[in-house]
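Chain residues, written in single-letter form:
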Amino acid sequence: MQILKNLEAHVESIIIIVVFCILSMLAYAATSDEPPPKRKKSMFAGGVIALILSYPTWMAIGRFIGGDIDAFWLIPITFTYTVTGQFIPEFLQNVVPKAAKKIFNIFFKRTTGEDMNNDN
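Residues numbered from 1 in each chain as written. Predicted model: local features only at pLDDT ≥ 70, side-chain atom pairs only at ≥ 80, totals over all residues. Heavy atoms only, no water.

Quick look at the packing of aromatic side chains
Given two aromatic rings, one states the distance between the centres and the angle between the planes to describe the pair. Taken as a whole, this structure holds two aromatic pairs when the rule is applied. On the numbers, 5.6 Å between centres and 50° between planes, the contact of Tyr-55 with Trp-58 is tilted. In this pair, Tyr-55 and Trp-58 are both assigned in helix H3 (residues 36-65), three residues apart and thus about one turn of the helix distant. Of the residues examined, Tyr-55 reaches a relative accessible area of 23% and is grouped as partly exposed. With 5.3 Å between their ring centres and 75° between their planes, Phe-72 and Trp-73 make a pair best called edge-to-face. (Phe/Tyr/Trp six-rings, centres within 6.5 Å; stacked < 30°, edge-to-face > 60°. Helix = DSSP H or I, 4+ residues; strand = E, 2+ residues; numbered from the N terminus. Buried < 20%, exposed > 50% of the residue type's maximum accessible area, 1.4 Å probe, protein only.)

Examining the packing of H3 against helix H4 (residues 74-84)
Taken N-terminus to C-terminus, the directions of H3 and H4 make an angle of 140°; their axes are 8 Å apart at the nearest point. Judged by the inter-axis angle, H3 sits oblique to H4. Regarding H3 and H4, the two cross each other, and that crossing is right-handed. Contact with H3, carried on its side by Gly-46, Gly-47, Ile-49, Ala-50, Leu-53, Ser-54, Tyr-55, Thr-57, Trp-58 and Ile-61, involves Leu-74, Ile-77, Thr-78, Tyr-81 and Thr-82 of H4 and no other residues of that element. In terms of residue class, the contact of H3 with H4 is built from nine nonpolar, six polar and no charged. (Axes fitted to C-alpha atoms, helices over the stretch in contact; angles between N-to-C directions. Parallel < 35°, antiparallel > 145°, perpendicular 65-115°, else oblique. Left-handed = near helix turned anticlockwise from the far one by under 90°. Contact = heavy atoms within 4.5 Å. Nonpolar A, V, L, I, M, F, W, Y, C, P; charged D, E, K, R; others polar.)

Written out as structure tokens, the structure is:
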């Protein structure tokens, strides 16, 4: 029951996030020149990231400022995460394998003394 009471206190914020996430996703889908399958994938990736990160970001900004901030600020936060969130999966697909290989090479070199990138 405590969960329901907590949700009641934040219904306005949740509705703002969901509505503006959907509107931002539709705006991106209407303006993007990507092929439809990639556009749909990017649109949903941005939406999911916005749904997950908008509220914690809004709360963190309020704590940083030292007081409550208006729910109005959820709109630009949600929009920003929806639009920029589409690039995060592509970024991670490029960066994570390179970083993992580099870190593995460092540990491999420490334990064996050989460099995996040295093909001499």
